[in-house]
Amino acid sequence: MRLINEDIRAMKYHFNEIEAKWQQYWAENQTFRAENHSEKPKYYVLDMFPYPSGAGLHVGHPLGYIASDIYARYKRHKGFNVLHPMGYDSFGLPAEQYAIQTGQHPAITTQANIKRYREQLDKIGFSFDWSREVRTSDPNYYKWTQWIFIQLFESWYCTEHNSALPISELVKIFETFGNKTVNAICDETVEPFTAEEWNALSWKEQQEILLKYRLTYLAETEVNWCPALGTVLANDEIVNGVSERGGHPVVRKKMTQWSMRITAYAQRLLDGLDTIDWPQPLKDSQTNWIGRSEGAHVEFFVKDTEDKIAVFTTRPDTIFGVSFMTLAPEHELVAKITTPEQKEAVEAYVEATSKRSERERMADVKTISGVFTGAYAEHPFTKEPIPIWIGDYVLASYGTGAVMAVPCGDQRDYDFAKHYNIEIPNIFEGVDISEEAFADKENTIIANSDFINGLNYKEATTKVIEKLEAIGQGKGKINYRLRDAVFSRQRYWGEPFPVYYVDGVPKMIEAKHLPIQLPEVEKYLPTETGEPPLGNATVWAWDTENNIVVENDKIDHKTIFPLELNTMPGWAGSSYYFNRYMDADNQEAFVSKEAVDYWQDVDLYIGGSEHATGHLLYARFWQQFLFDRGFLPVEEFAKKLINQGMILGTSSYVHIIEPRFIDPEDGATTGSYEFHALIGENLVDFYKQNVRKFRDYFGGTEETQERVLRGFAENELEYFNLLVNSFKSIAKKYGYELPTNDIFPVRRVSMNIEYVENQKLKESSAKDALRFTRTQNIIFDGNNELTLSPEVEKMSKSKYNVVNPDDICEDYGADTLRMYEMFLGPLEQAKPWNTAGITGVHSFLKKLWKLYIDDNGVRFDDSEPTKDNLKTLHKTIKKVEEDIENFSFNTSVSTFMICTNELTAQKCTSKAILEPLAILISPYAPHIAEELWQQLGHSESIATANFPTFEEKHLVESSKEYPISFNGKMRFKLELPLDMSKEDIEAAVMAHEKTQAQLQGRTPKKVIVVPGKIVNVVG
RNA sequence: GCUCGAGUGGUGGAAUUGGUAGACACGUUGGACUUAAAAUCCAAUGGCCUGAAAGGCCGUGCGGGUUCAAGUCCCGCCUCGAGUACCA
């Protein structure tokens, strides 16, 4: 009896056992290990490696991994040698913040998180080649990050060769010719010098000049300083004027920092986009970020001085319309040129501007402000005096930090001129500028402009640039918005620089002594003197005799020198990891020539679009640089890129509707406000602090209370009522104090427009309401209603809306998870996670299993497949193959469902059908496929079985069920032979009784017959 | 403001070059099996008209257009989402 039960048990689809079995098999047999040489063609499928956060994976993370895994497995079936690696971007802020709080070394936290990630990833059954795993925080890895940094330091960019070249070549040129013949991208402060002058310079002076040419350099630059994080941030790490991580304010500050001369590659980064198959929106945002604009560099003399104000303009044709100039308040000439009468006003303005944060400046773009310096510039052609103003609408960080203001042709200049009553000369023919500026350059005819009268934009621009060059006051110029990337971070948990300082000059440690490992520190905070955390290390000096790191107190500035205290930013390690995977264990090079010649580049890269202007730009930059220096064979690292959409979570919000909003200004009752507060961490804290108050009024068990508060209440009336009542009761008993920002994290405030009587409020949008409430006090009178509602947004631990893939694997299995994530919708599209439909996919897999094995054991046999069987199979092969090639994974899931339903209905038992079907489905549901494959009698893994070949002949039909439409509307269907002639089809249709019923005796005007497709009767 | 993307049943979403709109799945309703539940299976399911069927009308954000035929192409709008923002 017992035996029989177990036999029946074995016949059922036990996904947990099957999945564990095959995951173990793959690991033990290294099924997915890729070799660096093979007879087969290569294919490289890459995922963006994750930062191993403490929260673990949620169901959103694997979406892209599943898609790439399907593609990788498919390519293996298609006979490719597939490289499909995975690793960890394991340097980063959270581990360091945790270290600061607990003293736990970030390496330990990181190690633990990686372990958890690995367990979670393994459960989903990915076909990664783990033998090539990389971790950016591993010294064996960051050795090569440091090595690449040295290469950048030892290179300069030659605009003649349009390539990076070794710095030694530049030195040779300097020694023989000086720098006058050099076409290089360098710091703008470089002065011309001769060979004699160069050779006469001291070593230190020479080094200071070379630094201005190197592709990574140390310079005092204005950086984004984030006081809360205690570090500088790159432009792409700032979102809406606050830090991307944590949302802390950011201020501009001058600091000496390492930078990467990415601007040298601006044009090539732009041009390269045309050669790669990346999503258009992503290309657009890179193009935008690089921000190329063509125009002219123009120099204006400050009247009666030798000082020049340089401006960049895209409209040199409007130069005769200049009626003032505006400098950024930070512009270096401001103090120098300001007249004594204006000094006080100018200084006050500069002071006021510097106090405002970036965010504030961004927030009120509409306010016009500025001050006259009292100084005048001289028009390069007319020699007329032009008043010089300062204004914060001019940004120090773009162009030259100064503009030639042409109010008739630029709306900002126009507004500024109107506001300060500055003259607005009209230099356009037949255009009215009394209301606004005329900025349409395509329809421009220049007037009142001396030698360019009557010309259009293009002609005038050319002529003006010619003239400017002739008088030496300008030239044509292409300007980029892209800035050099700040490369220093004042953090502990990052790559240390292989740099020490001799007499204040940075020197590289020789590559053979790498890696320079992170030192131990007592605490992970900045030092008391404000130095980065590495300043706390006691063993952090470089001994140039023994080439080792030694104690700081041995520093003698003769043979032992201080080491760099900054660390590298997060994007350093991720800018070349895809090359490292090709040869992950190589101790001699970051990748060997043989390995990279074989693998070349990434064929398919899948990851999120949020890296558009960060990682994906920096990685292209490093790739191009390493290509220039001969270390890599291709200029672009990824041929094709797909952005997977985010899987969103459902958060629960509590809404507090306040019907009587009292405006503190006029005491008027103006309407109703709705507070949308996330039920999450803070509320849980509030609950814990006030636990007794809650207990008194809260029904239910402690567990249900937790549940409510943790946001699982979604539409459940029971919990909803509990919450409402408890809040109401508490409010009453304790003299009413409704939780405000301190307790409820108010995420959004919007108005319920219906109740708004005040016209001013009616017109304002929800956004305005937010601003409004920030500046006013909201007075509650205690009659609030609470409602709960779900809202879809990004999954995040802090929002209590995270769904863990482990739970899904436990309940339904990895194969179900994989197929369900694909079934949710198109890969690129964002979609909310909703487990409602998962049973459909799961029962499909059960049906599939039953097609092979039912309660009586295996069903398949060697019977000949029927015509219908073959038709179903080959229809499926065709569709699935097309879908995978088009990355349309959602539709192939439904194709599998149709196939299984059809074969079940056909009672198919033929191995000749079921074997290829197992291969077809194995990229999607590899565990069940392996198990069925084994049951079918195979001893080898299904992973490299050949993908079934589609045969057209099985789909050939002899007849077609024609849709017969009347005036384009389908009315009935008619089965007709496919080889029937047009005339015969028409005759057959016209003879049909339903046609006669449709026509009701009328004669059709026309009958359209598209053989094999459709018949349309027009009448 | 600018750039890009998207609007299709109760829901997620299908629909190859213009050619049967709503595949597949969820949900809902009814039924079978069961003491019951779960699981499983069967049937119906865009809206409207009709007692039901037959049949008809309407239907892919809105308004036009091209075409024998439009979710798909063209013109003009609306709404939502994403990115970006005083870029001279």
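That block above? That's the structure.
Every chain is numbered independently, its residues counted from 1 as its sequence is written. To label them, take the chains in the order written and letter them from A, then take the ligands in the order written and number them from 1. Whole-chain, interface and lining totals are the exception, using all residues; otherwise, since this is a predicted model, local features are given only for residues with pLDDT of at least 70 and side-chain atom pairs are given and counted only at 80 or more. Only hydrogens and water are removed before side-chain values are computed, so all heavy atoms of the structure are retained for them.

(A) Representation of the overall build of chain A. We count a stretch as a helix when DSSP gives it H or I for four or more residues in a row; a strand needs E for two or more, and each element gets its number in order from the N terminus. A count of helices and strands for chain A gives 35 helices and 36 strands. Here chain A, with 1019 residues, has 52% of them falling under the buried criterion. The contact criterion used is simple: two residues touch if any of their non-hydrogen atoms lie within 4.5 Å. Pairs at least 24 residues apart make up 71% of the contacts formed inside chain A by residues separated by at least 6 positions. All accessibility values rest on the Shrake-Rupley procedure with a 1.4 Å probe; residue burial counts only the protein chains present in the view. Of the roughly 47500 Å² of accessible surface on chain A, 49% is carried by carbon and sulfur atoms. Each residue is placed in one exposure class: buried if its accessible area under a 1.4 Å probe, protein chains only, is under 20% of its type's maximum, exposed if it is over 50%, and partly exposed if it falls in between.

(B) Molecular detail of unusual backbone geometry. Backbone torsion omega between Leu514 and Pro515 reads 0°, so that peptide bond is classified as cis. Within the secondary structure layout, Pro515 lies in the loop between β20 (505–508) and β21 (541–543). Phi is positive for Asn421, close to 55°, though the residue is something other than glycine. Along the polypeptide, Asn421 turns up in the loop between α15 (411–419) and α16 (457–470).

(C) Quick look at the packing of helix α28 (residues 814–823) against helix α33 (residues 926–935). The geometry of α28 relative to α33 is characterised by a closest axis approach of 7 Å and an angle of 125° between their N-to-C directions. When the axes of α28 and α33 are compared, the pair comes out oblique. Across from Ala814, Asp815 and Arg818 in α28, the residues of α33 making contact are Pro926, His927 and Ile928. As a working rule, the residues Ala, Val, Leu, Ile, Met, Phe, Trp, Tyr, Cys and Pro are called nonpolar, Asp, Glu, Lys and Arg charged, and the rest polar, with Gly in that last group. Residues of the contact of α28 with α33, tallied by class, amount to 3 nonpolar, 1 polar and 2 charged. Axes, fitted as lines to C-alpha atoms, cover a helix only where it is in contact. Angles between the N-to-C directions of the axes lie from 0 to 180 degrees. Should an angle fall under 35 degrees it is called roughly parallel, over 145 degrees roughly antiparallel, and 65 to 115 degrees roughly perpendicular, with every other angle called oblique.

(D) Summary view of the packing of helix α29 (residues 838–852) against helix α31 (residues 889–905). Relative orientation of the contacting elements α29 and α31 amounts to 40°, with a least axis distance of 10 Å. In this view, α29 runs oblique relative to α31, as classed from their interaxial angle. At the point where α29 passes α31, the crossing takes the left-handed sense. Facing α29, whose interface residues are Gly840, Val841, Phe844, Lys847, Leu848 and Leu851, α31 presents Phe896, Met897, Thr900, Asn901, Leu903 and Thr904. By the definition used in this description, the sense in which the near helix is turned from the far one sets the handedness, with an anticlockwise turn below a right angle giving left-handed and a clockwise turn giving right-handed.

(E) Region of the structure containing the nonpolar core. The biggest cluster of nonpolar side chains holds 179 residues, and the ones touching the most others in it are Trp258, Phe487, Tyr577, Tyr605, Trp622, Met819 and Tyr852. Residue contributions to this core peak at 9 residues, all from helix α6 (residues 139–153). Ranked by size, the runner-up nonpolar core spans 40 residues in total, among them Ile309, Phe320, Val346 and Ala460. The nonpolar core is taken to be a set of buried Ala, Val, Leu, Ile, Met, Phe, Trp, Tyr and Cys residues, with the residues joined through side-chain atoms within 4.5 Å.

(F) Up close: the protein's contact with RNA strand B. Taken together, 44 residues surround RNA strand B, and among them Thr314, Tyr398, Arg412, Gln829 and Lys973 come closest. Any residue with at least one heavy atom within 4 Å of a molecule or strand is counted as near it. In RNA strand B, atoms within 4 Å of the protein come 62% from sugar and phosphate. In this structure, Tyr393 approaches RNA strand B through a main-chain N or O atom, which is 3.0 Å from a sugar or linking oxygen. Any pair of N or O atoms that falls within 3.5 Å is considered a polar contact. Within protein, one atom must be able to donate a hydrogen and the other to accept it, and sequence-neighbouring residues count only if both atoms are side-chain atoms. At 2.5 Å, a side-chain N or O of Gln829 approaches a phosphate oxygen of RNA strand B.

(G) Seen up close, the side chain of Thr567. Inspection of the secondary structure assignment puts Thr567 in the loop between β23 (560–562) and α17 (571–574). Of note is the side chain of Thr567, whose polar atom sits 2.9 Å from the backbone oxygen of Arg491. If near-sequence neighbours (up to four positions away) are discounted, Thr567 is found in contact with Phe487, Ser488, Arg489, Arg491, Tyr492, Gly494, Glu495, Pro496, Phe497, Leu518 and Leu534.

(H) Quick look at the environment of His557. Of note, His557 is situated in the loop between β22 (548–550) and β23. Here His557 falls in the exposed class, since its relative accessible area comes to 52%. Placed 86 residues apart in sequence, His557 and Ile471 show a C-alpha to C-alpha distance of 51 Å.

(I) Up close: the sheet that holds β23. For two strands to be treated as a pair, DSSP must find at least two bridges joining them. An order of β22-β21-β23 is seen for the 3 strands of this open sheet, with the pairing classed as antiparallel. Here the strands that pair on one side only, and so sit at the sheet edges, are β22 and β23. Sheet twist, expressed as the mean angle between neighbouring strand axes with direction ignored, is 35°.

(J) Examining the environment of Ser137 more closely. Along the chain, the position of Ser137 falls in the loop between α5 (106–124) and α6. Owing to a relative accessible area of 15%, Ser137 belongs among the buried residues under this scheme. Taking the C-alpha atoms as reference points, Ser137 and Trp493, separated by 356 residues in sequence, lie 8.2 Å from one another. Each residue touching Ser137, except ones within four places of it in the same chain, is listed here: Ser90, Phe91, Thr110, Tyr142 and Trp493. At a separation of 2.7 Å, a polar atom in the side chain of Ser137 contacts the side chain of Ser90.

(K) Layout of the pairing of strand β35 (residues 1006–1010). Only one face of β35 is buried, namely the one carrying Val1007 and Val1009, since none of Lys1006, Ile1008 and Val1010 on the opposite face is buried. Relative to strand β36 (residues 1014–1018), β35 runs antiparallel, the two being bridged by 5 bridges. When the sheet's bridge partners are listed, Ile1008 is paired in β36 with Asn1016. The antiparallel pairing of β35 with β36 creates a hairpin that spans 3 residues between the two strands, and Gly1012 there sits at a positive phi of about 80°.

(L) Quick peek at α31. To estimate how far a helix should reach, multiply one less than its number of residues by 1.5 Å. The end-to-end C-alpha distance of α31 is 25 Å, a good match for the 24 Å that 17 residues give at a rise of 1.5 Å each. Residues of α31 that are buried include every one of Phe889, Asn890, Ser892, Val893, Thr895, Phe896, Met897, Cys899, Thr900 and Leu903, and no others. The inward-facing, buried residues of α31 abut α3 (62–77), α28, α29, α30 (867–885) and α32 (911–921). Trailing α31 by a residue or two, Lys907 shows a phi angle of about 55°, which is positive.

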